[in-house]
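Here are the chains, one letter per residue:
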Amino acid sequence: MSEKRTILVIEDEHAISNFICRALSASDYKPLAAASGKEGLSLFFSHGPDLVLLDLGLPDMDGVEIIKKIRGWSNLPIIVVSARSEDSDKVAALDAGADDYLTKPFSVEELLARVRVALRRVRYEDELRDRFYEEERLRQEALRRIRYDEALREQEYARRCGPDHRAPYAAAPEGGYPLYASRRDDRFDRAPALGRDGGAAVVQVREADLPQTAA
Ligand code: CA
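The text that follows walks through the structure, step by step, so that each part is easy to find.

Basis of the calculations
- Residues numbered from 1 in each chain as written.
- Predicted model: local features only at pLDDT ≥ 70, side-chain atom pairs only at ≥ 80, totals over all residues.
- Heavy atoms only, no water.
- Donors = N, O, S within 2.8 Å, 3.2 Å for Na, K, Ca; no water.
- Helix = DSSP H or I, 4+ residues; strand = E, 2+ residues; numbered from the N terminus.
- Buried < 20%, exposed > 50% of the residue type's maximum accessible area, 1.4 Å probe, protein only.
- Salt bridge = Lys/Arg side-chain N within 4 Å of Asp/Glu carboxyl O.

## Points about the coordination of the calcium ion
The calcium ion binds to the protein through Asp12 (OD), Asp55 (OD) and Gly57 (O); the donor distances cover 2.1 to 2.4 Å. Sequence spacing of the donors to the calcium ion: D-x42-D-x1-G. In this pair, Asp12 sits in the loop between strand 1 (6-10) and helix 1 (14-26) while Asp55 sits in the loop between strand 3 (51-54) and helix 3 (63-71), placing the two residues 43 residues apart along the sequence. Residue classification places Asp55 among the buried positions, given a relative accessible area of 3%.

Set out below in structure tokens:
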């Protein structure tokens, strides 16, 4: 159903590399073997694996450097598989961005269990991201709808009020002057003769109160 997960194995000891790759193949993963740091980085960039199993002691560069380089590009899980068992080595690798650390010798079962856990973490993060994007999409859609409705209301208002957006809002009060609205929720000015100091009232415009035909 789903495509096989690709796992990059960067390990210079052929016996160990073969052992790991066989175990991964048997568990339906697609292993990619690299015998040096350079080759490993090259395969990382060309194949975009789902996970990296990394030996720290490589002939051409230190594994920690590889972790740092990969972390500059990707958040994929990196599991260190190393003979170095000092705490300082583990701390350096984890600080550089490794997700997990497995000390040689290790069992196939343990290796596969760590791989499963790391891939599960990625799947969970992918699901969270997908959900986030879906919610964001729905939010944008709702916003678009609201803006569209607003635009329609504006249009309708303009249609009723005429091109200059000024139309008598209501009949002149007794002995007074007509009220004008310049925009839907603007203040209402008295007619010019009365002047602005004639006591402009703040009135909430309701659509029902707008003139029914264009001025
Ligand atoms: Ca090595």
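Resuming the write-up.
## Notes on unusual backbone geometry
Residues apart from glycine generally show negative phi values, whereas peptide bonds are mostly found in trans. Looking along the chain, the bond that leaves Lys104 and enters Pro105 is cis, with omega of -5°. Its identity is not glycine, yet Asp28 carries a phi of approximately 75°, on the positive side. Under the relative-accessibility criterion, Asp28 is labelled partly exposed at 48%.

## Side note on the pattern of salt bridges
Using the criterion set out here, one finds 16 salt bridges in the structure. The partner of Lys68 in a salt bridge is Glu65, and the shortest N-O contact between them spans 3.8 Å. Taken together, the positions of Lys68 and Glu65, both in helix 3 and 3 residues apart, correspond to about one turn of that helix. We classify Lys68 as partly exposed; its relative accessible area is 47%. Under the relative-accessibility criterion, Glu65 is labelled partly exposed at 35%. Between Arg114 and Asp100 there is a salt bridge, and its shortest N-O distance comes to 2.8 Å. Residue Arg114 is located in helix 5 (residues 108-161), and its partner Asp100 is located in strand 5 (residues 100-103); the two are separated by 14 residues in the primary sequence. By relative accessible area, which is 23% here, Arg114 ends up partly exposed. Judged by relative accessible area, Asp100 falls into the partly exposed class, the value being 21%.

Fair warning: the whole summary comes from geometry, so function is off the table for now.
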